[in-house]
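Spelled out, the chains give:
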Amino acid sequence: MSGKLIHTVDPQVKRLLKIAENVAPSKATVLITGESGTGKELLARYIHSKSSRIQDRFFAVNCAALPENLFESELFGHEKGSFTGAMERKVGLFELASHGTFLLDEIGEMPLLLQSKLLRVLQEGEIRRIGGSAPINVNARIIATTHRDLAQDVKSGKFREDLYYRLNVIPLEIPALRDRPQDIRVLSQLFIEMSCDENGIEMKKLSDYAMNKILAWNWPGNIRELQNTMERTVLLTAGSVLTADDVAIKGFAEAQQRDTYQIRPGMTVSDTEKLLILKTLEHTGQNRTRAAELLGISIRTLRNKINEYKKENVL
């Protein structure tokens, strides 16, 4: 999501922001996890904005985008002549970010050799430039993000266990957009308004059918996918009311054909309710508490419904 503010009405995300705000003034390392496109960097910037380091710079590096042969030089810097092509001294990002906040985006992509050097930074608060002889003290607040399961990467030997525990002091997991239906409503209209404003277009709004289509999609690309879809819809639609046909979601038609849980004309309200409950349980991995929250019913009501379906041999 673009912009500095996090727009949400979801209770989970509000709790997450409260935790982030509480830990922001500390020096504790934060590990932000979540699927791609959920807004991990935005949350990191939010933490920086609530910290005592707000007057200093926020630096971010995407570990997945850096070539392995440039990784160490970019992070730690190098001295003139330390290797072929080192024509002058280079100050690394850790030094530049000292007293500010340093985001290591997609930390799971960092090579193992560099992981050990990062561990030293976290333990000792110092770095050494390539070719340098003296250690340099740094005081950057480290925030790391990843869409990977680092605990599983530790088991498979792809990520250092000691570094994992150093990073995972304050774990913050951003829920996927599909688990935040009210945020889908809020963000859809927000992105439409942003796109109209940025492009000097008359303000548009979604029809009820268009919103239902948006809510029916799983949003594997999360907030980034939603924003791109809304912007594309605004730019390619002439009318002021955006219909379901105007909202072109890549893969939507194919998914509808594969989906066996479809509401069809002639179905009873009872059958429709049953499909909704079964689909929500499947979506939450049979987590009844989360399913009840998404459905807007009590856990007791959901339990009674499940017992009914078991008697009908549906479950």
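Residues numbered from 1 in each chain as written. Predicted model: local features only at pLDDT ≥ 70, side-chain atom pairs only at ≥ 80, totals over all residues. Heavy atoms only, no water.

A. Up close: unusual backbone geometry. Of note, E106 is a non-glycine position whose phi angle comes to about 55°, a positive value. As for its position among the elements, E106 is in the loop between strand 5 (101–105) and helix 5 (112–124). The backbone of N222 shows a phi angle near 55°, a positive value even though the residue is not glycine. For N222, the position within the fold is in helix 10 (residues 222–236). Its relative accessible area of 0% is what places N222 among the buried residues. (Helix = DSSP H or I, 4+ residues; strand = E, 2+ residues; numbered from the N terminus. Buried < 20%, exposed > 50% of the residue type's maximum accessible area, 1.4 Å probe, protein only.)

B. Region of the structure containing the pattern of salt bridges. Across all of its chains, the model carries 14 salt bridges by this definition. In this structure, R120 and E126 form a salt bridge, with 2.7 Å as the shortest nitrogen-oxygen distance. Under the relative-accessibility criterion, R120 is labelled partly exposed at 42%. For R160, the salt bridge goes to D162, with nearest N and O atoms at 2.7 Å. R160 gets classed as partly exposed once you look at its relative accessible area, which sits at 29%. Taken together, the salt bridges that share partners define one network made up of E79, R89, E95 and R129. (Salt bridge = Lys/Arg side-chain N within 4 Å of Asp/Glu carboxyl O.)

C. Structural context of the side chain of S195. Relative to the assigned elements, S195 resides in helix 8 (residues 181–199). Since its relative accessible area comes to 2%, S195 is described here as buried. Setting aside chain neighbours within four positions, we find S195 in contact with E231, V234 and L235. (Contact = heavy atoms within 4.5 Å.)

D. Quick look at helix 3 (residues 68–76). Along helix 3, the residues that are buried comprise F71, E72, S73, L75 and F76. A positive phi of about 80° marks G77, the residue just after helix 3.

E. Representation of the sheet that holds strand 5 in the model. The strand order across the open sheet built from 5 strands is 2-5-8-1-9, with neighbouring strands paired in parallel fashion. Whereas interior strands pair on both sides, the edge strands pair on one side only; in this sheet they are strand 2 (58–62) and strand 9 (170–173). On average, each strand axis in the sheet is tilted by 20° relative to the strand beside it, whichever way the strands run. Pairing of strand 2 with strand 5, which is carried by 5 bridges, proceeds in the parallel orientation. Note on strand 5: the bridge partner recorded for V61 is L104. The sheet contacts of helix 1 (residues 11–23) involve strand 8 (141–146) and strand 9, and relative to strand 9 the element is tilted by about 155°. In the packing of helix 2 (residues 40–49) onto the sheet, the strands contacted are strand 1 (30–33), strand 2, strand 5, strand 8 and strand 9, and the crossing angle to strand 1 comes to about 150°. (Pairing = 2+ DSSP bridges. Axes fitted to C-alpha atoms, helices over the stretch in contact; angles between N-to-C directions.)

F. Expanded view of the pairing of strand 8. For strand 8, a buried count of 6 out of 6 residues is recorded, marking the element as mostly surrounded by other parts of the structure. By the bridge criterion, 4 bridges tie strand 1 to strand 8 in an arrangement that is parallel. When the bridges of strand 8 are listed, V30 appears paired with I143. Inspection of the sheet shows strand 5 paired to strand 8 by 4 bridges, in the parallel sense. Bridge assignment links F102 to a residue of strand 8, and that residue is I142.

G. Seen up close, the environment of R224. Looking at where R224 falls in the secondary structure, it is placed in helix 10. As for R224 and L31, which are separated by 193 residues in sequence, their C-alpha atoms are 20 Å apart. If we skip the residues at most four places from it in the chain, R224 touches S36 and G37.

H. Structural context of the packing of aromatic side chains. All chains considered together, the criterion is met by 4 aromatic pairs. Relative to F94, the ring of F76 lies with its centre 5.4 Å away and its plane at 25°, an arrangement referred to as stacked. A residue pair is termed long-range when its members are at least 10 positions apart, and F76 in helix 3 and F94 in helix 4 (residues 93–96) qualify at 18 residues. Classification of F94 as buried rests on a relative accessible area of 1%. In this structure an aromatic cluster arises from ring pairing among F76, F94 and F102. Its end group placed over the ring of F252, K213 keeps NZ or CZ at 5.0 Å from the ring centre. (Phe/Tyr/Trp six-rings, centres within 6.5 Å; stacked < 30°, edge-to-face > 60°. Lys NZ or Arg CZ within 6 Å of the ring centre and 35° of its normal.)

I. Fine view of the packing of helix 8 against helix 10. Relative to each other, helix 8 and helix 10 sit at 50°, their axes nearing to 9 Å. Regarding the angle of helix 8 to helix 10, the classification is oblique. Here the hand of the crossing between helix 8 and helix 10 comes out right-handed. Here helix 8 contributes I184, L187, S188, F191, I192, M194, S195, C196 and N199 to the contact with helix 10, which in turn contributes I223, L226, Q227, M230, E231, V234 and L235. Of the residues contributing to the contact of helix 8 with helix 10, the split by class is 11 nonpolar, 4 polar and 1 charged. (Parallel < 35°, antiparallel > 145°, perpendicular 65-115°, else oblique. Left-handed = near helix turned anticlockwise from the far one by under 90°. Nonpolar A, V, L, I, M, F, W, Y, C, P; charged D, E, K, R; others polar.)

None of this, on its own, says anything about what the molecule does.
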